[in-house]
Amino acid sequence: MRLRNIPHAASTIQGHQAVIKRPEDQKGCWKNVFGNDNPIYIEIGMGKGRFLMNMAKRFPNVNFIGVERYSSVLLRALEKYDTEEFEGLNNVRFICMDARELTNVFRKGEIDRIYLNFSDPWPKARHAKRRLTSKEFLDIYDQILAEDGRLEFKTDNTALFDFSLEQIEESNWKILQFTYDLHNQEDMNEGNVMTEYEEKFSSKGNQIHKLIAYR
C-alpha cells in the first residue's frame with residue numbers, strides 16, 4: 001500500500017541535498033549534476049529505495065537516479081539514504097515526479113539503463129496504459145535511452161509479465177533474456193540485487209519474473 005499524506009514529506013524533500021528540485025533544468029546536463037561522465041541508470045517507481053541504493057554501493061562508477069511519484073514514499077527512501085548504512089553514497093540522486101514527464105527531464109540517449117521493479121499492475125483493462133511496461137511508456141523510454149541501453153523489469157505478477165512481453169514485441173523492442181523463475185535461473189540470477197517486495201514475495205513462495213529488453 002502506498003504511503004500518502006505525511007505532513008512533513010514535502011518540506012523534507014525540498015530541503016534534502018540529494019533531491020533534484022527542478023529536474024527539468026538538468027535536461028542534457030545530468031553528468032554535471034554528478035560531476036563525472038559515468039553512465040546513468042534510473043529506477044522508475046523506486047519505492048523505499050533499497051534496490052537503488054544497494055546498486056549504487058555495488059557500482060560506484062555508475063550514477064543512479066530514483067524516480068518516485070509519491071512524496072511520502074520518497075520520504076521513506078530519504079530516511080533510508082540518511083542512515084549509516086548508506087553514509088557517503090554520492091552517486092545517487094532522487095526526483096519526485098510522474099514518469100510521464102521523463103522526456104522533459106532527460107534528453108535523447110542520456111540514460112543507459114532503466115529499472116522497473118514490482119510496478120503497480122493496474123489490473124483493470126481500462127487502466128492498461130498506466131502500466132509502466134505499456135507501449136505508451138515504452139515510447140517514452142525510447143526517447144531517453146541510449147542506443148545500446150537496456151530496460152530491466154522484475155515482478156511476481158504473471159499477468160503483468162505476460163502483458164509486458166506482448167507490449168515489448170508490439171513496440172518493436174527486442175527481448176534479450178527473460179525468465180518466469182529468476183531465483184532458479186542461474187545465469188540471470190547471478191549478482192541479482194533484491195528489492196523489499198522481492199524478498200517479501202519470494203519468501204512466500206512466489207516465483208519472480210524478469211526480462212531484459214532493448215531496441
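Report on the accompanying structure. (Residues numbered from 1 in each chain as written. Predicted model: local features only at pLDDT ≥ 70, side-chain atom pairs only at ≥ 80, totals over all residues. Heavy atoms only, no water.)

I42, L102, F106, I114 and Y141 are the most contacted members of the largest nonpolar core, which totals 35 residues. Of all the secondary-structure elements, those providing two or more residues to this core are helix 2 (30–34), strand 1 (40–44), strand 2 (63–68), strand 4 (111–117), helix 5 (135–144), strand 5 (145–155), helix 6 (158–170) and strand 7 (209–214). Contacts of Y141, omitting those with residues within four sequence positions, involve I44, L102, I114, L116, L132, L151 and W173. Membership of the second largest hydrophobic core comes to 22 residues, among which are L52, Y81, L89 and Y115. (Core = buried A, V, L, I, M, F, W, Y, C linked by side-chain atoms within 4.5 Å. Buried < 20%, exposed > 50% of the residue type's maximum accessible area, 1.4 Å probe, protein only. Helix = DSSP H or I, 4+ residues; strand = E, 2+ residues; numbered from the N terminus. Contact = heavy atoms within 4.5 Å.)

Spatially, seven strands are ordered 3-2-1-4-5-7-6 in an open sheet, and the strand pairing comes out mixed. Lying at the two open borders of the sheet, with one neighbouring strand each, are strand 3 (92–96) and strand 6 (174–179). When strand polarity is set aside, the average angle formed by the axes of neighbouring strands in this sheet is 15°. Across the sheet, helix 5 lies against strand 1, strand 4 and strand 5, angled at about 140° from strand 5, the strand it touches most. (Pairing = 2+ DSSP bridges. Axes fitted to C-alpha atoms, helices over the stretch in contact; angles between N-to-C directions.)

Time to look at the packing of aromatic side chains. Centre-to-centre distance and the angle between the planes together describe a pair of aromatic rings. In this structure the tally under the stated criterion is eleven aromatic pairs. An angle of 65° between the planes, with centres 6.0 Å apart, marks the rings of Y41 and Y115 as edge-to-face. Here the residue Y41 occupies a position in strand 1, and Y115 occupies one in strand 4, the gap between them amounting to 74 residues. In this pair, the class of Y41 matches that of Y115, namely buried. Between the aromatic rings of F118 and F201, the centroid separation amounts to 5.9 Å while the plane-to-plane angle is 50°, which identifies the pairing as tilted. Pair noted here: F118 is in the loop between strand 4 and helix 5 and F201 is in helix 8 (residues 196–203), with a separation of 83 residues, a long-range link. (Phe/Tyr/Trp six-rings, centres within 6.5 Å; stacked < 30°, edge-to-face > 60°.)

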